[in-house]
Amino acid sequence: MRTVAYYKGCLASLSAKELDISTQALAPKVGLELIELEAVTCCGAGDIHEAEPDYYLHLNARILAYAEETGADTLMTVCNVCTLNLRQANHALQGDPALLERVNRNLTKVGVPAYSGGVEVMHFLWLVAAGEGYELLKGAAHRGLKGLKIAPFYGCQILRPSKLLGFEDPDRPSSLERIIEACGGEAIDYPAKIKCCGFPIIQAREETALAELIQPIEQAKEAGADAMVTPCPLCHLSLDAWQSKLKAQTGKDFQLPILHLSQLVGVAAGLADSELKFKRHVVSVAPVTDKLAV
Amino acid sequence: MQVALKIWRFDAEKGERALREYEIDAPEEATLLDCLDIVKDRLDGTLAYRKSCRMMICGSCGMRMDGAAVLACQVRMHDVAQAGHVPVISAMGNLPIVKDLVVDMAPFWGKIRAVTPWLEPGFSDPGEQEHVVSQPQMNAIHKESLCIMCGCCVSECNSMEADPDFLGPAALAKGMRFVGDARDQATVERLQAYSEPHGIWDCTRCYFCNERCPKGVDPRDAIAKLGAEAMKEGIDSDMGAKHAKWFVTSAKTTGWLRETELVPKTQGIVKSLKEVKFAMGLLRHGKVPPPFPPHVAEHVGEARALYDLVQHEGEDGYDGIVQLEHALGRLEHEDGHGEAAERGPYGEGSFPKPYLPGEESSDGGGSE
């Protein structure tokens, strides 16, 4: 078992609870012992980075400090945006002793343990797409996906900027494909799998966001996808919940089920209904569950 | 070495596109631009592309290789040829094609002009002395000043694909270059203008611009700096700014995002009432978490106290983002172990990496 600090972030605590539930259920099957961080806040989602950048840095330093306090060397995230925000703050603090000292002075003033820079932030995807996690995943996914055609959708902030993320080639990523195939599914290819889903501006600029959102959904459908999988709950929310708006706008009713990564692996690993929580999706997951006879 | 290329040819007059393959003999050190020169010289004189300096300074030879915008003079072809890969070369995206690999840069220049890309120093007379700008003040706009206006960032901008009127990464980074200039006297007017529709708040944060820029400008970060500075100046009536502010309010009150209130706080009550039907659909699936009782983080008092503390730190506005760059800049020039990497602009680590089929590049381990 690899022990990691677990930061679930806002959405998995709230509207995407199914992501947290399925991640917690799946973790032991892929060799992960999760220490859930309780006294942490939002990472700022890029918005606090823009509105109050120094506050963003302090909030993320606080999360990193509490992760370090658990004794784990890895902070596991389940969201692309959390991953980028935390890795960015972590790099800034690790590489600039004066900055770390100033932030630590403020953290300790308010009762937070000082951060020494000893934690690496890793997305759940990275922990199961390589190394021991991947070997365990192959064994755990015994129930398989019966050749279901799955469209991998990466989302932006797990690939770019690659100098901060750097797990794989940002133009030709393959981690999701490898996992889909290890679970017995067929990974389908389409150009928009590394593009933006539009979520960050879906409330402020819905028209622009929907013009982005339709690309992966339409292309995946044309390529014959039965379902799509994403490692990001923000992508999941726009891809799943906003499909109805695409229908209202374009008349096209895609009905493409969108799975969280933990649900895709989880269904192949035989997690129970109560652990997958597919009923919490807006677009029905029946095409997947019917085929797998879950 | 033998180099094979597939090039998307385009004849605008006839509207015809064709993918043609060329094979040439090139010196081992040849760049993509050298190879195009050889094709044009020996095989097909009608091939059209732009070039000038051949050393990543003029910004003329932006084009796509295997779908990713590059400077043709930057990419060495040796590894690609050795792997037997035949790359596809095409014109940049988000700009109209004139012929083959030549795009019409007029929309690009129009957006650059729209941000008033010159210093507005006012009329303060320094008298016998000069206007002195300190090194830290110049450091604040160092990255933005590196732009060579090649258009590689614009080529793959996801927002601009969806909204061709979006000012885009190059123009907004240019805007930051002047907003951050200590001599400029038009900062507030600039921030107001850039905060209009199709400006700062239209960026979708796809980070393609940071990934593609061959000069390390990091336009997305420049856009974030403009947003931070605009909000510092109280220019925050756009829905994008209100969206960002709600995250701050959430963090210092409950710690976690107050998700359900985000829509009315961003869009206003009237507009969000139109979303009631949509929201009801989400509610049925638990996608609208009830705001009461609020989901409050443990020890949230610490997050509130931190907020109060940072208000006195003097690192607000774009300074708050610039301070992060001191450490992040090292990522450009050093390997993960802190030693200066032997990493020339053309060698290993240059971006985008040539596509080499069969190469196992993704067995992971992170960038550490």
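Keep in mind that this is a model prediction, so the values were computed, not measured.

In terms of regular secondary structure, chain B is built from 18 helices and 7 strands. Classification of the 368 residues of chain B by burial places 49% in the buried group. Contacts in chain B between residues at least 24 apart in sequence constitute 64% of all its contacts with a sequence separation of at least 6. Accessible surface, chain B as shown: approximately 17,300 Å² in total, 52% of it carbon and sulfur.

Each partner contributes to the interface: chain B provides 91 residues, whereas chain A provides 93 residues. Summing both partners gives a buried area of about 7,700 Å² for chain B against chain A, and 57% of it is carried by carbon and sulfur. Of all residues in chain B, the largest losses of buried area upon contact with chain A belong to R205(B), W256(B) and K287(B), amounting jointly to 9% of the total for that side. Connecting chain B to chain A are 12 salt bridges. Measuring nitrogen to oxygen at the nearest pair gives 2.8 Å for the salt bridge that ties K163(A) to D218(B). Taken together, chain B and chain A are joined by 36 residue pairs in polar contact (both at pLDDT 80 or more). Of the residues belonging to the side of chain B that touches chain A, the class tally is 41 nonpolar, 25 polar and 25 charged.

Another point: the packing of helix α11 (residues 219-232) of chain B against helix α17 (residues 319-328) of chain B. Residues and elements named next belong to chain B. Orientation of α11 relative to α17, taken along the N-to-C sense of each, is 150°, at an axis distance of 8 Å. Of the possible angle classes, the one that applies to α11 and α17 is roughly antiparallel. Of α17, the residues touching α11 (which contributes D221, A224, K225 and A228) are I321, V322 and E325. Classifying every residue of the contact of α11 with α17 by side-chain character gives 4 nonpolar, no polar and 3 charged.

With that settled, the discussion passes to the packing of aromatic side chains. Summed over all chains, the structure comprises 6 aromatic pairs over all chains. Through a chain of ring-to-ring contacts, three or more aromatic side chains come together here, namely F199(A), W242(A) and F278(B). In this structure, R160(A) packs its charged tip against the face of F208(B), placed 3.5 Å from the ring centre. If you follow R17(B) out to its NZ or CZ, it ends over the ring of W8(B), 4.4 Å from the centre.

With that out of the way, let us pick up α11(B). Residue and element names in this part refer to chain B. For α11, with 14 residues, the first-to-last C-alpha span of 20 Å sits near the 20 Å given by 1.5 Å per residue. The buried fraction of α11 amounts to 13 of the 14 residues, a majority that puts the element mostly inside the structure. Among the residues trailing α11, G234 stands out with phi positive, at a value near 80°.

A few words now on helix α5 (residues 80-94) of chain A. The periodicity of an α-helix, 3.6 residues per turn, causes residues three or four places apart in sequence to face the same way. For α5(A), spanning 15 residues, the distance from its first C-alpha to its last is 21 Å, which sits close to the expected 21 Å at 1.5 Å a residue. Most of α5(A) sits inside the fold, with 14 of its 15 residues counted as buried.

Ranked by internal contacts, the top residues of the largest apolar core, which has 188 residues, are Y7(A), Y55(A) and L75(A). The element best represented in this core is helix α4 (residues 53-69) of chain A, accounting for 10 residues. When near neighbours in sequence (up to four residues on either side) are disregarded, Y55(A) contacts I48(A), V248(B), A251(B), K252(B), A303(B), R304(B), L306(B), Y307(B) and V310(B).

Topologically, N158(B) is positioned in helix α7 (residues 158-162). For N158(B), a relative accessible area of 4% corresponds to the buried category. Apart from residues lying up to four places away in sequence, N158(B) is in contact with K195(A), C196(A), E212(A), T204(B), C206(B) and F208(B).

Attention now moves to the sheet that holds strand β3 (residues 74-77) of chain A. Residue and element names in this part refer to chain A. A sheet is described by the order of its strands in space; here 4 strands give the open sequence β2-β1-β3-β4, paired in parallel fashion. The open sheet is flanked by β2 (32-36) and β4 (120-123), the only strands paired with a single partner. Going from strand to strand, the sheet's axes swing by 40° on average, the running direction of each strand aside. Note that strand β1 (residues 2-7) and β3 share 3 bridges and pair parallel. When the bridges of β3 are listed, Y6 appears paired with M76. Along the sheet face, α5 touches β1, β3 and β4 and points at about 165° away from the line of β4.

Scoring rules and cut-offs
- Residue indices follow the written sequence of each chain, beginning from 1 at its first position.
- The naming scheme follows written order: chains are lettered A onward, ligands numbered 1 onward.
- Residue-level local features of this predicted model are given only where pLDDT is at least 70; pairs of side-chain atoms are given and counted only at 80 or more, and the full residue set underlies all totals for whole chains, interfaces and linings.
- Hydrogens and water are ignored here; the side-chain numbers use all heavy atoms of the structure.
- Numbered from the N terminus, helices here are DSSP runs of H or I no shorter than four residues, and strands are runs of E no shorter than two.
- Only protein chains enter the accessibility calculation, which uses a 1.4 Å probe; a residue whose area is less than 20% of its type maximum is buried, one above 50% is exposed, and one in between is partly exposed.
- Contacts are residue-level and defined by heavy atoms, with any inter-residue pair within 4.5 Å sufficient.
- The Shrake-Rupley method, run with a 1.4 Å probe, gives the accessible areas here. Residue values count only the displayed protein chains as cover.
- Once two parts are put together, the accessible area they lose, assessed with a 1.4 Å probe and summed over both, is termed the buried area.
- The salt bridge definition used is simple: a Lys or Arg side-chain nitrogen within 4 Å of an Asp or Glu carboxyl oxygen.
- What qualifies as a polar contact is a pair of N or O atoms within 3.5 Å, subject to a donor-acceptor requirement within protein and to the restriction that residues adjacent in sequence count only when both atoms come from side chains.
- Residues were grouped as follows: Ala, Val, Leu, Ile, Met, Phe, Trp, Tyr, Cys and Pro as nonpolar; Asp, Glu, Lys and Arg as charged; and all remaining residues, including Gly, as polar.
- Structural elements are reduced to axes, namely lines fitted to C-alpha atoms, with helices fitted over the stretch in contact, and the angle between N-to-C directions of any two is expressed from 0 to 180 degrees.
- In this scheme, roughly parallel covers angles under 35 degrees and roughly antiparallel covers those over 145, while 65 to 115 is roughly perpendicular and the rest are oblique.
- Two rings from Phe, Tyr or Trp (for Trp, the six-membered ring) form a pair when their centres are within 6.5 Å of each other. A pair whose planes differ by under 30 degrees is stacked, one over 60 is edge-to-face, and the rest are tilted.
- Only lysine NZ and arginine CZ atoms are considered, and such an atom sits over a ring when it is within 6 Å of the ring centre and within 35 degrees of the ring normal.
- Residue count minus one, scaled by 1.5 Å, sets the expected span of a helix.
- Working definition of a nonpolar core: buried Ala, Val, Leu, Ile, Met, Phe, Trp, Tyr and Cys residues. They are joined through side-chain atoms within 4.5 Å.
- Between any two strands, pairing holds if DSSP finds at least two bridges.

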